[in-house]
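Each chain, letter by letter, is given below.
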Amino acid sequence: MTLFLQLIGWVLVLVGLPLTLSPVPVGIVIVGIGAGLILANSAAARNRLRNLRADHRKLDKWLRKAERLLPDPFDRILRSTDSDGWHRQPD
């Protein structure tokens, strides 16, 4: 089942990317849902994002802000990719 959900996630990402260029960028939402499905069902994707967050301070800061704004299942997924590579600065 997780492989199937990962596949659906990749399809949503691929469909959503060109739609981000439309006048109403609904592709951003579709890409976000697809990325959430991939991260929720793939330990390798979570590890990769964790490494990216550890290497790139701006990405980590942006995703920390997103964690506070997203609803429950998605913020939990992002928190699971939190790296301890950066010290948290009060915002």
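Each remark here, short or long, concerns the structure printed above.
(A) Structural context of the packing of helix H3 (residues 43–55) against helix H4 (residues 57–69). Running from N to C, H3 and H4 point in directions that differ by 115°, and their axes come no closer than 5 Å. Contact with H3, carried on its side by Leu49, Leu52, Arg53 and Asp55, involves Arg57, Leu59, Asp60, Leu63, Arg64 and Glu67 of H4 and no other residues of that element. When its residues are assigned to classes, the contact of H3 with H4 shows four nonpolar, no polar and six charged.

(B) View of helix H1 (residues 2–19). With 18 residues, H1 extends 26 Å between its outermost C-alpha atoms, agreeing within 8% with the 26 Å of an ideal straight helix rising 1.5 Å per residue. Of the surrounding elements, those touching the buried residues of H1 are helix H2 (27–41).

(C) Looking closely at the side chain of Asp60. Mapped onto the elements, Asp60 comes out in helix H4. Of the polar contacts made by the side chain of Asp60, one reaches the side chain of Arg53; its length is 2.8 Å. Within the local environment of Asp60, its side chain forms a polar contact with the side chain of Arg64, the two groups lying 2.9 Å apart.

(D) Just the nonpolar core, in detail. Membership of the largest hydrophobic core is limited to nine residues, which are Val13, Ile38, Leu39, Ala45, Leu49, Leu63, Ala66, Ile77 and Leu78. Taken together, the elements giving at least two residues each to this core come down to H2, H3, H4 and helix H5 (72–79). Apart from residues lying up to four places away in sequence, Leu63 is in contact with Leu49, Arg53 and Leu78.

(E) The pattern of salt bridges, seen in detail. Tallying each qualifying case throughout the model produces seven salt bridges. Here Asp82 and Arg53 are joined by a salt bridge, their closest N and O atoms 3.8 Å apart. Placement of the pair is Asp82 in the segment after H5 and Arg53 in helix H3, with a sequence separation of 29 residues. Judged on exposure class, the residue Asp82 and its partner Arg53 are both buried. For Asp60, the salt bridge identified is with Arg64, shortest N-O distance 2.9 Å. Residue Asp60 and its partner Arg64 are located together in helix H4, separated by four residues, close to a single helical turn. For the residue pair Asp60 and Arg64, the accessibility class agrees, reading buried in each case. One network of salt bridges, in which partners are shared, links Arg53, Asp60, Arg64, Glu67 and Asp82.

(F) Structural detail: the side chain of Asn41. Inspection of the secondary structure assignment puts Asn41 in helix H2. Ignoring anything within four residues of it in the chain, the contact list for Asn41 reads Thr2, Leu5, Gln6 and Arg46.

The rules behind the values
Residues numbered from 1 in each chain as written. Predicted model: local features only at pLDDT ≥ 70, side-chain atom pairs only at ≥ 80, totals over all residues. Heavy atoms only, no water. Axes fitted to C-alpha atoms, helices over the stretch in contact; angles between N-to-C directions. Helix = DSSP H or I, 4+ residues; strand = E, 2+ residues; numbered from the N terminus. Contact = heavy atoms within 4.5 Å. Nonpolar A, V, L, I, M, F, W, Y, C, P; charged D, E, K, R; others polar. Expected span 1.5 Å × (residues − 1). Polar contact = N/O pair within 3.5 Å; in protein donor to acceptor, adjacent residues only side chain to side chain. Core = buried A, V, L, I, M, F, W, Y, C linked by side-chain atoms within 4.5 Å. Buried < 20%, exposed > 50% of the residue type's maximum accessible area, 1.4 Å probe, protein only. Salt bridge = Lys/Arg side-chain N within 4 Å of Asp/Glu carboxyl O.

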